[in-house]
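# A structural walkthrough
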Amino acid sequence: MLGKKILFSLFSVFLCYQSYQLVTHIVNTNPSVYSLTEIIITAYLLNLFITGIFAFVGFVFPTNKILGTGYYRIKNPSLLKRVYAILQVEIFRKLLLFFFWGRGKNRAQYFNGTRQGLANFSYQSRQSEIGHLLALVFIGSVCIALLLFGHYQIVTIATIINVIGNLYPIILQRHHRIRIDRILNS
């Protein structure tokens, strides 16, 4: 396990460096030189690198402890359910199931069907949520900075990817915990 912690921490540091290099490159490049393809690839890489920083650390450390347990408590489930419906997060959930989590092996990693599995699912949902929340905030901050350098197109695409890749998973994890907490507290 120690080897995995070291390796994943190194991956995270590598992605920090790659993120820094990418942002430095963007800042030092005139926005007009990017083609549409380069804009899309750059925005995607920006999201991938920064989200990966938090994902790799979250795979081996209990990063959910960064925020207290009060943060993870769902205080207004009806509002969350409305946001879930308005943003159509259910479609996102179905796509995740179809393309990735539908396979039994992947799903068993989160929930094995037992009461103890529910506790693990709750833990995993908090781990996933904090990783996506940190990535959402960090990417959003980088996008604000890039606006100052006139990279409006990269920021627009990066923001769309950030919302789909980080905000939607946060809402989904919180929605899962409404049901998990109801079962665990009964």
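Residues numbered from 1 in each chain as written. Predicted model: local features only at pLDDT ≥ 70, side-chain atom pairs only at ≥ 80, totals over all residues. Heavy atoms only, no water.

## Examining helix α8 (residues 152-184)
When the terminal C-alpha atoms of α8 are compared, their 46 Å separation across 33 residues agrees well with the 48 Å that a helix rising 1.5 Å per residue should span. In the structure, α8 departs most strongly from a straight axis at valine 163, where the bend amounts to approximately 30°. (Helix = DSSP H or I, 4+ residues; strand = E, 2+ residues; numbered from the N terminus. Expected span 1.5 Å × (residues − 1). Bend = angle between axes of the 7 residues up to and from the residue.)

## Observations concerning the layout of surface pockets
Put simply, the second largest pocket is a space of about 180 Å³. The wall of the second largest pocket is formed by Asn64, Lys65, Leu67, Thr69, Tyr72, Arg73, Ser122, Arg126, Arg177 and Asp181. At the level of elements, α3 (69-72), α7 (115-147) and α8 are the ones that each hand at least two residues to the lining of the second largest pocket. Residues belonging to the lining of the second largest pocket are distributed by class as follows: two nonpolar, three polar and five charged. (1 Å grid on protein atoms, 1.4 Å probe; cavity = no way out; pocket = protein on both sides within 12 Å on 5 of 7 lines; lining within 4 Å. Points joined across faces, edges and corners; volume = space filled by probe spheres on them. Nonpolar A, V, L, I, M, F, W, Y, C, P; charged D, E, K, R; others polar.)

## Notes on the confidence of the model for the chain
Per-chain confidence: the chain averages 91 in pLDDT, with 93% of residues scoring 70 or above. Mean pLDDT across the elements of the chain ranges from a minimum in helix α6 (residues 104-108), with 62, to a maximum in helix α2 (residues 36-60), with 97. (pLDDT = per-residue confidence, 0-100.)

## With respect to the nonpolar core
In terms of nonpolar packing, the biggest core is built from 18 residues, with Ile26, Leu46 and Leu146 touching the most fellow members. Counting only elements with at least two residues in this core, the list comes to α1 (2-27), α2, α7 and α8. The dominant element in this core, judged by the number of residues it contributes, is α2, at six residues. When near neighbours in sequence (up to four residues on either side) are disregarded, leucine 146 contacts Val23, Ile26, Val27, Leu46, His151 and Val155. Tyr84, Phe92, Tyr168 and Ile178 belong to the second-largest nonpolar core, a separate cluster that totals nine residues. (Core = buried A, V, L, I, M, F, W, Y, C linked by side-chain atoms within 4.5 Å. Buried < 20%, exposed > 50% of the residue type's maximum accessible area, 1.4 Å probe, protein only. Contact = heavy atoms within 4.5 Å.)

## Some thoughts on the pattern of salt bridges
Scanning all chains against the criterion turns up three salt bridges. Close ionic contact of glutamate 129 with arginine 177 constitutes a salt bridge, the shortest N to O distance being 2.4 Å. Of this pair, glutamate 129 sits in helix α7 while arginine 177 is found in helix α8, placing the two residues 48 residues apart along the sequence. This pair shows no difference in class: glutamate 129 is buried, exactly as arginine 177 is. Beyond isolated ion pairs, a larger network of salt bridges with shared partners links Glu129, Arg174 and Arg177. (Salt bridge = Lys/Arg side-chain N within 4 Å of Asp/Glu carboxyl O.)

## Section: the environment of arginine 179
On the secondary structure map, arginine 179 appears in helix α8. A relative accessible area of 41% places arginine 179 in the partly exposed class. In sequence terms arginine 179 and serine 122 are 57 residues apart; their C-alpha atoms lie 9.9 Å from each other.

## As for the packing of α1 against α2
Between α1 and α2, the shortest axis-to-axis distance is 8 Å and the interhelical angle comes to 155°. On the basis of their axis angle, the class for α1 and α2 is roughly antiparallel. Regarding α1 and α2, the two cross each other, and that crossing is left-handed. On the side of α1, the interface is formed by Lys4, Lys5, Phe8, Phe11, Ser12, Leu15, Cys16, Gln18, Ser19, Leu22, Val23 and Ile26, while α2 contributes Thr42, Leu45, Leu46, Phe49, Ile50, Gly52, Ile53, Phe56, Val57, Phe59 and Val60. For the contact of α1 with α2, the per-class residue count stands at 16 nonpolar, five polar and two charged. (Axes fitted to C-alpha atoms, helices over the stretch in contact; angles between N-to-C directions. Parallel < 35°, antiparallel > 145°, perpendicular 65-115°, else oblique. Left-handed = near helix turned anticlockwise from the far one by under 90°.)

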